[in-house]
Number of protein chains: 4
Amino acid sequence: MGVLRLAHVDVRTPDLELSTAYYTEVLGLHVSERTDDAVYLKCWDEEDHHSLRLRSDTRIGMDKFSFRVEREDDLADLEIRLANAGCDVRRVSKGEEVGQGESIQFEIPSGQTMELVWDLEKVGNVLGKLNPSPVPPPDLPGIAPPRMDHLLINAEEVGESYAFFKHVLGFRMTEQVLDGNGHQLGVWMERSHSPHDVAIVNGPNGALHHFAFWLDDWDHVRKSADILAYNGVQIDQGPTRHGVTRGNTIYFFDPLGTRNEVFTGGYSPDPDFPQITWTEDQFGRGLFYYENVVAQRFLRFHT
Amino acid sequence: MGVLRLAHVDVRTPDLELSTAYYTEVLGLHVSERTDDAVYLKCWDEEDHHSLRLRSDTRIGMDKFSFRVEREDDLADLEIRLANAGCDVRRVSKGEEVGQGESIQFEIPSGQTMELVWDLEKVGNVLGKLNPSPVPPPDLPGIAPPRMDHLLINAEEVGESYAFFKHVLGFRMTEQVLDGNGHQLGVWMERSHSPHDVAIVNGPNGALHHFAFWLDDWDHVRKSADILAYNGVQIDQGPTRHGVTRGNTIYFFDPLGTRNEVFTGGYSPDPDFPQITWTEDQFGRGLFYYENVVAQRFLRFHT
Amino acid sequence: MGVLRLAHVDVRTPDLELSTAYYTEVLGLHVSERTDDAVYLKCWDEEDHHSLRLRSDTRIGMDKFSFRVEREDDLADLEIRLANAGCDVRRVSKGEEVGQGESIQFEIPSGQTMELVWDLEKVGNVLGKLNPSPVPPPDLPGIAPPRMDHLLINAEEVGESYAFFKHVLGFRMTEQVLDGNGHQLGVWMERSHSPHDVAIVNGPNGALHHFAFWLDDWDHVRKSADILAYNGVQIDQGPTRHGVTRGNTIYFFDPLGTRNEVFTGGYSPDPDFPQITWTEDQFGRGLFYYENVVAQRFLRFHT
Amino acid sequence: MGVLRLAHVDVRTPDLELSTAYYTEVLGLHVSERTDDAVYLKCWDEEDHHSLRLRSDTRIGMDKFSFRVEREDDLADLEIRLANAGCDVRRVSKGEEVGQGESIQFEIPSGQTMELVWDLEKVGNVLGKLNPSPVPPPDLPGIAPPRMDHLLINAEEVGESYAFFKHVLGFRMTEQVLDGNGHQLGVWMERSHSPHDVAIVNGPNGALHHFAFWLDDWDHVRKSADILAYNGVQIDQGPTRHGVTRGNTIYFFDPLGTRNEVFTGGYSPDPDFPQITWTEDQFGRGLFYYENVVAQRFLRFHT
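Residues numbered from 1 in each chain as written. Chains lettered and ligands numbered in written order. Predicted model: local features only at pLDDT ≥ 70, side-chain atom pairs only at ≥ 80, totals over all residues. Heavy atoms only, no water.

- For chain A, an unreviewed UniProt entry supplies the name Metapyrocatechase and the organism Nocardioides silvaticus.
- Taken from UniProt, the Catalytic activity (unreviewed entry) comment for chain A reads in full: "catechol + O2 = (2Z,4E)-2-hydroxy-6-oxohexa-2,4-dienoate + H(+)". (UniProt positions renumbered as here; feature names shortened; annotations may be inferred.)

Have a look at this one:
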């Protein structure tokens, strides 16, 4: 009951064709629908209509991010909780958004727009449900991640945002970074029994730091790096390993400057998982275990 | 709410010392407690007291398997559901079982004893919670899987057992194998958003087919095969890939003949995941994708 | 000086189109030339014209196998050595064979035809020589091994064949299997500082057991198994590990029944490498380290 | 005939105990002998007495590097060639150096001392030669590379050094980097049919840039990175991929500042391999394919 997992991330691009070419040919996503000003994309193992929306706009940035709730009734329950918390909640009717039914939208304390939805149009994965191959077709182009995994947003007041995600939306913290005064510099939170579905790190309100695609393993990480370099994509960091979440990772930029990640690994936390704390002096190691430095471009660049 | 995940598997061994030596030195589990007639073992990333209990007995076989519920109250709710379904439920008080508090035990339709528990003694994983290394100490002995993953039991009437797990315990089926008449030969079910926490395949009532440890990736699978062969352990099947669940796997036998598995991979199903169906003529490919045969030793041997 | 490495294997097929489709689409070789009755194929990293020739014929089997010598003069030197050893050596002029210049051909003691050649037509690999990408294009179809690696032939008298390869051709033995009487059941020999360029195992004279393609690593082994299974190719054994040579491997059959292998790993022997000996009772473990059995189909089936 | 492969690298350390602890516990080498002022170390798969000598001295740096020749007679032949080239060759008698017999030593044009030797004391690898396990004992400590692979030295005049290695010692160039005037900034050369046994890159005469250990694959690269980070070792670059040689790599520093590398991958060049050329504008991509920048610390720091 309650929030289930990340459903989709909706971002803007000043060059819809270039972005679409990149996300289909380099990332290897499938276009499930095109409208006048937007392209809807999905990964090969996703059942839903899309996990990424690209919308044509003069500026890059995030329109909103959307989480799926577990049961249809959860939307009404969460609407009440949000209203009680002083949120201005907008109910979006079926038909207003492509590829999904009714949803609710609201602004979180750090200024980003968040959406909750249960009714996602099911288009099915690439394998089908009768005697399916356990592997996708060998000739899928690009990185071909099986699914979207998580996103990281910025907040000027991480602690305030965490309180909102915890108390109103029921997110559970797995890890946090504390400064010398015990203030949160970053929090990692989950609903899907993974190390994180969303993370919040200190930075400007409203900003998107990155969204991440799941990979199967460390070899898929290398294949991804090879494909990125082959295509001349700018790699921001990695292949490396996170201290926080334990995952192996590469950060890189799409052609318009939106940061992407490919990610694998981690652990499987119970809802009462004992939280992990990082002290500020170990933040470099927590971010990038091999490099052991606080990478400035990584921390300072967002969209 | 409800059943959360597999907690521990309790098996018998006629040679407790030999079994303990195998599970600590070859599998690489840690002994968390010894009693007069039993040894309690855990994997390095598990927070709980144990995930495997070995009990000295003249015959191999399974005493019971235990699932954790998400909330303390779930035990009482499930006790009522079980009683309504005609189950004879035994409430086990705190202190009766090592490493855990109150639980309920009952016999499932295929004759195995199942337990539900919420209060597991937390002993912590090997890494700690303050600036933890994202990798375990490099010198852990043996295979060193991070955690127990699932088990497979046998049932003469798979469909009847599935109905019990679905309607009484709230398990969700991810995959099934149907014979030509539409009867279930095997079902794979989950509560933890993984391809399976427990599977039931046609075979003698009361039998344990195997329990499985999670591995990180395909390279951990090879390392496991190397360690098993180096130690002269009999490998039953693999390294190979399942059609069902998509996972990479090795099956092998502990020194007394209990089948173990190491497993990695799979997918991340939503609670309303559209179920996958295998037809009987594709069962060989579903079991072992590379071999594409119905392996007789695999299907006919259980404990 | 002397023999350098395996150059190409020439086999027959009753269905040239089917075999070509398999070797291009599943194995992922490139067709470098077609003639009336033959197709010439190469791997993506090979510089030479071809490493596999398929010739249309009513029966499968091997026409010949060809090794490259290090220097042009080596051909004349080896021709003399072969003549002195009583071999009937045929000199093949430039223009007689596609994709290569002058060569010498002769029958080895176990009846197969062997060729030595220096002048191979250079067509270049897929990457080029100016600022080349270190990885092949990501969209190469099929398994896409970088190169042919070795072959295994059968001989009724392994010891006699070994003596010929050692004394006449200068091959160096890396490993051998001895029966209880000290007779060789199998020998592995190299010229290229790898565990083996050619192996001879007890079996019918004239037979080809398999030829093998090099893979980069264990992940390429799994990708190969996935591609083979996806395409319905019959896997003979593996993914597994050899005791002999240490390599990771899969054996499988092309559509007409010729056995292929993909292979990776091993060691880097000096010319005075101290030879490894396997006793017959450990032959199962030597062949397949994980399975630890002498696989009968593997030993008894050849073409 | 001629030079066969890298035999050993002899470096200085101001803290012999600390260096020995690092090379045994983190790198996982075995100590084969200790003398008053030196420690001799070998990798688990090496047959020879040692591949690394650490000598106590007030300053770090390289004493010499040593290549093995293929045949005993090669020493005398090469001595003549070196003398004809104007080298001052010193013959070192059996007994003068630990773990080896007669050798010749000389200064190469860029000022480093090089040694050629045939008679290396054979102490055998860890596996033995009778029914050996194909994998090393699972509990080897540290990274445990199977063998030393290559070294990189600096030279003010790369072209001059290359001419010496080519014409006097018979090395074959596989790759080179040219500046806009066609002058060599770096050359990679081999004798062992690998992408490089020694490389020379522009820098101060006499300097050692790094020596490298061979790893089995990309997973061994990650395991190495995990072990290095776990032990607090400073990583210089990687895990990443080279454009030049195609290999996957990590660079890191031993406790006294000598740069180490772990390396895997590459190709298998014939003696007449068509050489690869990189233009200066692509040097960043040639060094580190994923980062695509000329890393200044990497280029400017040597010992």
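A look at the overall build of chain A
Argument step 1. Secondary structure summary: chain A contains 6 helices and 17 strands in total.
Argument step 2. Counting every position in chain A, which comprises 303 residues, the buried fraction comes to 64%.
Argument step 3. Of the contacts formed within chain A by residues at least 6 apart in sequence, a portion of 65% connects residues at least 24 apart.
Argument step 4. For chain A, the computed accessible surface area is about 10400 Å², with 46% contributed by carbon and sulfur atoms. (Helix = DSSP H or I, 4+ residues; strand = E, 2+ residues; numbered from the N terminus. Buried < 20%, exposed > 50% of the residue type's maximum accessible area, 1.4 Å probe, protein only. Contact = heavy atoms within 4.5 Å. Areas by Shrake-Rupley, 256 points an atom, 1.4 Å probe, with all protein chains shown as cover.)

Quick notes on the side chain of H242(B)
Argument step 1. Checked against the element boundaries, H242(B) lands in the loop between β14 (235-241) and β15 (248-253).
Argument step 2. Here E261(B) takes part through its side chain, which lies 3.1 Å from a polar atom of the side chain of H242(B).
Argument step 3. Looking at H242(B), its side chain comes within polar contact range of the main-chain oxygen of L287(B), at 2.8 Å.
Argument step 4. Sequence-distant contacts of H242(B), that is, excluding residues within four places in its chain, are made with P134(A), G247(B), T249(B), Y251(B), E261(B), F263(B), G286(B), L287(B), F288(B) and Y289(B). (Polar contact = N/O pair within 3.5 Å; in protein donor to acceptor, adjacent residues only side chain to side chain.)

Looking at the interface of chain A and chain B
Argument step 1. With 44 residues of chain A at the contact, the number on the chain B side is 44 residues.
Argument step 2. Of the roughly 3500 Å² buried between chain A and chain B on both sides combined, carbon and sulfur atoms contribute 52%.
Argument step 3. Seen at the junction of chain A and chain B, the total is 8 salt bridges.
Argument step 4. Taken together, the links from chain A to chain B amount to 14 residue pairs in polar contact (both at pLDDT 80 or more).
Argument step 5. Looking at the side of chain A that touches chain B, the elements that each hand over two or more residues are β1 (3-13) and β17 (276-279) of chain A.
Argument step 6. With 4 residues, the single largest contributor to the side of chain A that touches chain B is β17(A).
Argument step 7. Of the residues belonging to the side of chain A that touches chain B, the class tally is 16 nonpolar, 12 polar and 16 charged. (Buried area = accessible area lost by both parts, 1.4 Å probe. Salt bridge = Lys/Arg side-chain N within 4 Å of Asp/Glu carboxyl O. Nonpolar A, V, L, I, M, F, W, Y, C, P; charged D, E, K, R; others polar.)

Quick look at the environment of P132(B)
Argument step 1. On the secondary structure map, P132(B) appears in the loop between β8 (113-117) and β9 (147-155).
Argument step 2. Note on P132(B): relative accessible area 6%, which makes it buried.
Argument step 3. Not counting the four nearest positions on each side in its chain, P132(B) is found in contact with I276(A), W278(A), R285(A) and L127(B).

Points about the relation of the copies chain C and chain A
Argument step 1. Once turned by 180° and shifted 0.0 Å along the axis, chain C lies on chain A with an RMSD of 0.0 Å. The relationship between the two copies is best expressed as a two-fold rotation axis.
Argument step 2. The fraction of interface residues of chain C whose copies in chain A are also interface residues reaches 100%, indicating that both copies meet through the same surface. (Least-squares fit on C-alpha atoms with pLDDT ≥ 70 in both.)

Some points on empty space enclosed by the protein
Residues and elements named next belong to chain A.
Argument step 1. Summed over all chains, the structure comprises 8 cavities of 30 Å³ or more.
Argument step 2. Space inside the largest cavity adds up to approximately 160 Å³.
Argument step 3. As for the largest cavity, its lining consists of 18 residues, and the residues nearest its centre are L152, W188, Y251, L287 and F298.
Argument step 4. At the level of secondary structure, the elements contributing two or more residues to the lining of the largest cavity comprise β9 (147-155), β12 (198-202), β13 (208-214), α5 (283-287) and α6 (296-300).
Argument step 5. Among the elements that make up the lining of the largest cavity, the one with the highest residue count is β9 (3 residues).
Argument step 6. Residue composition of the lining of the largest cavity, grouped by class: 8 nonpolar, 9 polar and 1 charged. (1 Å grid on protein atoms, 1.4 Å probe; cavity = no way out; pocket = protein on both sides within 12 Å on 5 of 7 lines; lining within 4 Å. Points joined across faces, edges and corners; volume = space filled by probe spheres on them.)

Description of the interface of chain C and chain A
Argument step 1. The interface of chain C with chain A comprises 11 residues on the first partner and 11 residues on the second.
Argument step 2. Buried surface at the junction of chain C and chain A, summed over both partners, amounts to about 900 Å²; 64% is from carbon and sulfur atoms.
Argument step 3. On the chain C side of the contact with chain A, V135(C), P138(C) and Y230(C) bury the most area, a combined 50% of that side's loss.
Argument step 4. Inspection of the chain C/chain A interface yields 2 salt bridges.
Argument step 5. One salt bridge connects D217(C) with R222(A), and the closest N-O pair in it is separated by 2.5 Å.
Argument step 6. At the surface where chain C touches chain A, the tally comes to 2 residue pairs in polar contact (both at pLDDT 80 or more).
Argument step 7. Taken together, the residues of the side of chain C that touches chain A sort by class into 6 nonpolar, 1 polar and 4 charged.

Some details on the relation of the copies chain A and chain B
Superposition of the two copies of the chain requires a rotation about an axis and a shift along the axis.
Argument step 1. It takes a turn of 180° to lay chain A on chain B, together with a shift of 0.0 Å along the axis; the resulting RMSD is 0.0 Å.
Argument step 2. Counting the interface residues of chain A, we find that 100% of their copies in chain B are interface residues as well, pointing to one common contact surface.

Concerning the UniProt feature "domain: VOC" (unreviewed entry) in chain A
Residues and elements named next belong to chain A.
Argument step 1. UniProt records the feature "domain: VOC" (unreviewed entry) for residues 5-119 and 147-265 in the present numbering.
Argument step 2. Helix makes up 19% of residues 5-119 and strand makes up 40%, while its end C-alpha atoms are separated by 13 Å.
Argument step 3. Taken as a whole, residues 147-265 contains 20% helix and 45% strand, while its terminal C-alpha atoms sit 14 Å from one another.

Side note on the sheet that holds strand β4 (residues 52-56) of chain A
Residue and element names in this part refer to chain A.
Argument step 1. On the basis of which strands lie adjacent, the open sheet formed by 8 strands has the order β2-β3-β4-β1-β5-β8-β7-β6 and mixed pairing. Each end of this open sheet is capped by a strand with a single partner; those strands are β2 (30-34) and β6 (90-92). If you compare each strand with its neighbour and ignore which way they point, the axes differ by 25° on average.
Argument step 2. Strand direction decides the pairing type here: strand β3 (residues 38-42) and β4, joined by 4 bridges, are antiparallel. What sits directly across from Y40, in β4, is R53.
Argument step 3. Sitting on the sheet, helix α1 (residues 16-26) is in contact with β1, β2, β3 and β4, with an inclination near 160° to β4.
Argument step 4. Across the sheet, helix α2 (residues 74-84) is in contact with β1, β5 (61-69), β6, β7 (103-107) and β8 (113-117); its angle to β7 comes to roughly 25°. (Pairing = 2+ DSSP bridges. Axes fitted to C-alpha atoms, helices over the stretch in contact; angles between N-to-C directions.)

Description of the sheet that holds strand β14 (residues 235-241) of chain A
Residues and elements named next belong to chain A.
Argument step 1. Overall, mixed pairing links the 9 strands, which are arranged β14-β15-β16-β13-β9-β12-β11-β10-β17 in an open sheet. Strands at the two margins of the open sheet, each flanked by one partner only, are β14 and β17. Ignoring strand direction, the axes of neighbouring strands in this sheet form an average angle of 15°.

Examining the packing of α2(A) against helix α3 (residues 158-168) of chain A
Residues and elements named next belong to chain A.
Argument step 1. Direction vectors running N to C along α2 and α3 enclose 140°, while the axes themselves pass 10 Å from each other. In terms of axis orientation, α2 runs oblique to α3. As α2 packs across α3, the resulting crossing turns out to be right-handed. Contact residues: α2 offers L78, R81 and L82, while α3 offers F164, H167 and V168. (Parallel < 35°, antiparallel > 145°, perpendicular 65-115°, else oblique. Left-handed = near helix turned anticlockwise from the far one by under 90°.)

Describing the domain arrangement of chain A
All names here are of chain A.
Argument step 1. By domain assignment, chain A separates into domain 1 (3-117) and domain 2 (147-300).
Argument step 2. One C-alpha centre belongs to domain 1, the other to domain 2; they are set 20 Å apart.
Argument step 3. Summed over both sides, the interface of domain 1 with domain 2 buries roughly 3000 Å², with 74% coming from carbon and sulfur.
Argument step 4. Counting across the domain 1 and domain 2 interface gives 0 salt bridges. (Domains from an automatic or database assignment.)

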